[in-house]
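Structural overview for review
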Amino acid sequence: MKKFNIKKGDTVYVNAGNDKGKTGKVLEVLREKDRVIVEGVNMVSKHTKPNSQHPQGAIVKREAGIHISNVQLMDSTGKPVKVGHRIEDGKKIRFARKSGEEIK
């Protein structure tokens, strides 16, 4: 299984693609496809069939996946950082390499 530095709920910075420069919260990590779904980034139009919410059918805007290499984790100061790992008290924690600050 692949290991990623980014988890659901993290705030990330998009560093490549049409949405370069945007930030958002990770809604889902798709490990099999090496992709993440970020809130408000890479919006696509999805045509839906008629249902109880949309009796006529509709075109719904939703987030599509973005490759995990195109996002970077942000620290508490709001800057994108590289992530390191270290073991403290028997637990593996993530930290920002530049500042040494723990990422929660």
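Everything numeric in this text was worked out from a predicted model, so none of it was measured.

Further remarks concern the overall build of the chain. Along the chain, the regular secondary structure elements total zero helices and 10 strands. For the chain, the α and β elements follow one another from N to C terminus as β-β-β-β-β-β-β-β-β-β. Dimensions along the principal axes, computed over C-alpha positions, put the chain at roughly 55 × 30 × 20 Å. When burial is assessed residue by residue, the chain has 29% of its 104 residues classed as buried. Put simply, 37% of the contacts in the chain that link residues at least 6 apart link residues at least 24 apart.

Our focus in this paragraph is the sheet that holds strand 8 (residues 83–88). Strand order in the open sheet formed by three strands is 8-9-10, and the pairing between neighbours is antiparallel. Each end of this open sheet is capped by a strand with a single partner; those strands are strand 8 and strand 10 (102–103). By the bridge criterion, two bridges tie strand 9 (residues 91–96) to strand 10 in an arrangement that is antiparallel. Of the residues in strand 10, the one forming a bridge with Phe95 is Glu102.

Let us look at the nonpolar core. Counting residues in hydrophobic clusters, the biggest one holds 16 residues, and the most contacted among them are Val12, Val36, Val38, Ile66 and Val71. Broken down by secondary-structure element, the contributors of at least two residues to this core are strand 1 (11–14), strand 3 (35–38) and strand 7 (71–73).

On to the packing of aromatic side chains. This model, assessed by the stated rule, comprises zero aromatic pairs. Over the ring of Phe95 we find Arg86, and its NZ or CZ is 4.3 Å from the ring centre.

A separate point is the sheet that holds strand 2 (residues 23–30). Taken in spatial order, the five strands of this open sheet run 6-3-2-1-7, and their pairing is antiparallel. Strand pairing shows two members of the sheet lacking a second neighbour, strand 6 (66–67) and strand 7, which therefore form its edges. The sheet contact formed by strand 1 and strand 2 spans three bridges and is antiparallel. Of the residues in strand 2, the one forming a bridge with Thr11 is Lys25.

Let us now look at the pairing of strand 2. Side-chain direction in a regular strand flips from residue to residue, so the side chains alternate between the two faces of the sheet. Looking at chain direction, strand 2 and strand 3 are connected through four bridges and run antiparallel. The residue of strand 3 that forms the bridge with Leu30 is Arg35. Linking two consecutive strands that pair antiparallel, namely strand 2 and strand 3, is a turn of four residues; a positive phi of about 55° is found at Asp34 within it.

The rules behind these values
- Residues numbered from 1 in each chain as written.
- Predicted model: local features only at pLDDT ≥ 70, side-chain atom pairs only at ≥ 80, totals over all residues.
- Heavy atoms only, no water.
- Helix = DSSP H or I, 4+ residues; strand = E, 2+ residues; numbered from the N terminus.
- Buried < 20%, exposed > 50% of the residue type's maximum accessible area, 1.4 Å probe, protein only.
- Contact = heavy atoms within 4.5 Å.
- Pairing = 2+ DSSP bridges.
- Core = buried A, V, L, I, M, F, W, Y, C linked by side-chain atoms within 4.5 Å.
- Phe/Tyr/Trp six-rings, centres within 6.5 Å; stacked < 30°, edge-to-face > 60°.
- Lys NZ or Arg CZ within 6 Å of the ring centre and 35° of its normal.

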